[in-house]
Amino acid sequence: MKKLSIKNIILWTMTLILCVTACATAFASAGDRTLKHYSSTDSTNQGGINNVYKISSGFCADVWESGGSALLRFADYQSEPEKYILQENAAEDGQPEETCGYFSWNDELYALTAQWEDSEEGGSISSLAVKHVRLDNGQAVLEDSGLPELDCAMLLEDTGDTGSFYPQKLFTSGDLLAGITYGMNGTIVFSFDLKTGDYKCLEIGEFSEIGPGPEGSVLVNKADWTAKEAVIFRVSLEDQSEEQVAVITDVINYLNPCYDAEKNILYYTDDGELWALPLDGTAQAEVVNDCPINGSGAICLPDGFLLLWDYSTILIRNTDPAQRAGVTLRIRDTSYNGVMSETVFAMNNKRGDIAVIVQPDWDQLHTDIPKAMLNQEADTDIYVLQYESNDFRAIRTRGYTEDLSGNAQITAGIDRMYPFIRDALKQDGKIIAVPVEVSGQTIGINPDMWKKVGGTEEELPKTWGQFFDWMETLPDRLAGQEGVCVCDDSREAFISNVTITILYEYQVWMDGKGEDYLFNSPVMNELLTRLKNLDYDALGIKDRDSYEDGYMVGEYKEPLLNIYTDPGLMNYYQPMLLGFAEDETPIQPVQMCVAFVNPYSEHKEEAAEFLSLALDSLYSRTQYSIFTDKTEPVRPVYHEENLKREQERLEAAEEALEKAEDGEQRAALEEELNDCKEILKYLEEDDWAVSPKAIEDYQKRLPSLKVLDYLFLYDVAGNLDEEEQATIENRFSGGTDSGELLDWIDQKVQMIRMEGN
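Predicted model, so just to flag it, every value in this text is computed and none were measured.

A. Spotlight on the packing of helix α3 (residues 339-350) against helix α13 (residues 604-614). Between α3 and α13, whose axes approach to 9 Å, the crossing angle comes to 110 degrees. On the basis of their axis angle, the class for α3 and α13 is roughly perpendicular. Read as a crossing pair, α3 and α13 show a hand that is right-handed. In this structure, α3 uses V339, M340, T343, V344, A346, M347 and K350 to contact α13, whose residues at the interface are E606, E609, F610, L611, L613 and A614. Partitioning the contact of α3 with α13 into residue classes produces nine nonpolar, one polar and three charged.

B. Main features of helix α10 (residues 491-513). The terminal C-alpha atoms of α10, which comprises 23 residues, lie 33 Å apart, in line with the 33 Å expected from a rise of 1.5 Å per residue. Across the 23 residues that make up α10, a large majority, 18, are buried. Just downstream of α10, G514 is the residue with a positive phi angle, here 70 degrees.

C. The nonpolar core, seen in detail. M340, F610 and L611 are the most contacted members of the largest nonpolar core, which totals 62 residues. Here the element with the most residues in this core is strand β38 (residues 588-597); it accounts for seven residues. Beyond its immediate sequence surroundings of up to four residues, F610 is in contact with L329, I331, M340, T343, V344, M347, V356 and I382. With 58 residues, the next largest nonpolar core counts Y504, I541, I563 and L578 among its residues.

D. Region of interest: the pairing of strand β16 (residues 229-236). Among the eight residues in β16, six count as buried, and that is most of the element. The turn linking strand β15 (residues 217-224) back onto β16 is made up of four residues, and K228 within it adopts a positive phi angle of 55 degrees. Where β16 lies against strand β17 (residues 242-249), seven bridges are found, and the strand directions are antiparallel. For V235, the partnering residue across the bridge sits in β17 and is E242. Adjacent in sequence and paired antiparallel, β16 and β17 are bridged by five residues, among which Q240 carries a positive phi angle near 65 degrees.

E. The arrangement of unusual backbone geometry in detail. In this structure, K228 takes a positive phi of about 55 degrees despite not being glycine. Relative to the helices and strands, K228 resides in the loop between β15 and β16. The class for K228 is partly exposed, based on a relative accessible area of 43%. A positive phi angle is found at N256, which is not glycine, with a value near 50 degrees. Looking at the element boundaries, N256 is found in the loop between β17 and β18 (258-260). On the basis of relative accessibility, which here comes to 6%, the residue N256 falls in the buried class.

F. Spotlight on α3. With twelve residues, α3 extends 17 Å from end C-alpha to end C-alpha; this agrees with the ideal 16 Å at 1.5 Å per step. Three or more residues of α3 are buried, namely V339, M340, E342, T343, V344, F345, M347 and N348.

G. Geometry of the sheet that holds strand β13 (residues 199-202). In spatial order, the strands read β10-β11-β12-β13; together these four strands make up an open sheet with antiparallel pairing. Across the chains shown, the open sheet's two edge strands, defined by having one partner strand only, are β10 (168-173) and β13. Adjacent strand axes in the sheet meet at a mean angle of 30 degrees when their direction is disregarded. Looking at chain direction, strand β11 (residues 176-183) and strand β12 (residues 186-193) are connected through eight bridges and run antiparallel. Across the sheet, the residue bridging to T181 is I188, located in β12.

H. Structural context of the packing of aromatic side chains. One pass over the full model with this rule turns up 27 aromatic pairs. For the pair F103 and Y110, a centre-to-centre distance of 5.8 Å together with 15 degrees between the ring planes defines the contact as stacked. According to the relative accessible area criterion, F103 is buried, its value standing at 0%. Relative accessible area serves as the criterion here: at 10%, Y110 is assigned to the buried category. A centroid spacing of 5.3 Å and a plane angle of 75 degrees characterise the contact between F467 and F468, whose relative ring orientation is edge-to-face. Over the ring of F233 we find K222, and its NZ or CZ is 5.1 Å from the ring centre. The ring of Y387 is capped by R396, whose NZ or CZ atom sits 4.4 Å from the centre of that ring.

Rules of the game
Residues numbered from 1 in each chain as written. Predicted model: local features only at pLDDT ≥ 70, side-chain atom pairs only at ≥ 80, totals over all residues. Heavy atoms only, no water. Axes fitted to C-alpha atoms, helices over the stretch in contact; angles between N-to-C directions. Helix = DSSP H or I, 4+ residues; strand = E, 2+ residues; numbered from the N terminus. Parallel < 35°, antiparallel > 145°, perpendicular 65-115°, else oblique. Left-handed = near helix turned anticlockwise from the far one by under 90°. Contact = heavy atoms within 4.5 Å. Nonpolar A, V, L, I, M, F, W, Y, C, P; charged D, E, K, R; others polar. Expected span 1.5 Å × (residues − 1). Buried < 20%, exposed > 50% of the residue type's maximum accessible area, 1.4 Å probe, protein only. Core = buried A, V, L, I, M, F, W, Y, C linked by side-chain atoms within 4.5 Å. Pairing = 2+ DSSP bridges. Phe/Tyr/Trp six-rings, centres within 6.5 Å; stacked < 30°, edge-to-face > 60°. Lys NZ or Arg CZ within 6 Å of the ring centre and 35° of its normal.

Have a look at this one:
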């Protein structure tokens, strides 16, 4: 019988503990687990992670939640965290003291604190100190560390403003405390000797990332994102000498480099995977595990494990590639909303034997996915594309989609959807995709502002022709009105966005008729001509030269119209229903991002299972826009907390008012009481994440909603030469005659169709 080594026994024991603990699920690689996760799509799971620090027997996380900031102490890597609330201490002379950040040193937790003093110019930092953090009975207590006061005079000169000091990524290397903050000329890297308090500023030029390196040094990533290359340097904190340690190519994300001194290996994350790069030059970088986060920090643990975290997640990953899962799903994600990444955590919780790698692809318009399908490539299991894109249209037409109807959860989810969504997701009775997001573009009106200026719902236009009649009446309607304007976008942006909205709706309207058509039709020519010829000076819509730094000069006014309003459910502005004929139902195109299974995948059942979980990971706004049973109004996550706080303030004001004498004190309390009543009224009547009115309005607009299955603009924008790219903005923002613009679109679309693209 082969004898187990001590190292193997330790590794086996730790793996067993990590796998069987009840507080978190073990994942695909032995010992993998998520210790803390705040969902990016679930509005009820609010919170975030600032940083994580290694301490004796575990680690501590600095987090923020609905109740405020706190420290979470994990006694070890398999226990539930204990929560500690920070107790700020006033300095002995009574001046306020502020905690700037935490850091770990010699496996103990410390806080960097700033003492402030008031002056005629305002508050300023007078001193920086290091306090020891004692975690006791639910409280994080700052106590004397016995360390010298930090010499911050030069630091404050480097920042250029003694009233602001916001350190980030505090960490130690040996006895040196390092971090980054904002200086007079950009980001600076500072360091303090904890034994002497001496300050030093590191002159390392522009960089992308910084973190602890071998003792007495920092690791600096100087990435060239255009070239997709990152160069990692080791910078000495003593003499600031630089040594290049690695060049990493094909980089698309921040790497979160982490150095393992014992193994002389640099770990980093990129493109959904965890990599290991030996620094002795004996081997190339090797993928050792999947990793769903890019990360903002990492710590090496005993026996080949890595603790990683970002703003929402703390997790552990095994760095032994031999321990990886037998099944790995790869997802090529062209969306921007993070639903696929969020679903990874749901999949991990359900199927610990499957690894998932989400690889972002920002080129939404033209990909090589149809070609990969033609070649029957199996390396990617799930693709995410815009439904109306040429690529997905080609995939639908050629039948390159897997039938998902065999998954009961997907079928049940699709059956719950509104018909205009459900029908688009089926082809020949088969379910070919699941939605990831729905969006769109139309004109929105602020109903409260419209009422404020005396408008009624009956006066609102019902067709695009009536819309321009109505626009011509707005200068007189808004004359003398305080704090209201027609729109806060520039004239060029207004014309461009309204032009595109009309074109989208016209395309869907004509497609529904099933007839051949041109964009340069009498109705389109007339509408775009009227749009261009509106009296924008009378409407108060200025050209872009009237803006400074992106903002209109002068007093802010509440816009009546929003030119980029989503037709979905959750909107501050109410989408306007505008048709091309009074006797026809107006059309509002809906754009949809979908995920579908590669029919040549070797893991089609597992991929379908992942997509079934994606339906539960959608943003609330998306769920309310697609599911027929999502009709209950929803309060914001902090509603009850805010309601309780205002009620307590009201009761305190009422009690104080009973005892107050006449005069200024009583008047102030009466003003506060009225303020509380107004806030409570707002919280009861208008504080909604999804309001009853929004649900009612959406239900009324359902007959007008239609999924856009083709978009001419993709053809036009994707096939421009350099000269046309330079003039397209001018064409759409009123710089050319309406007929000329429409002829140009017709020529482009017809040419592309003739070429068979």
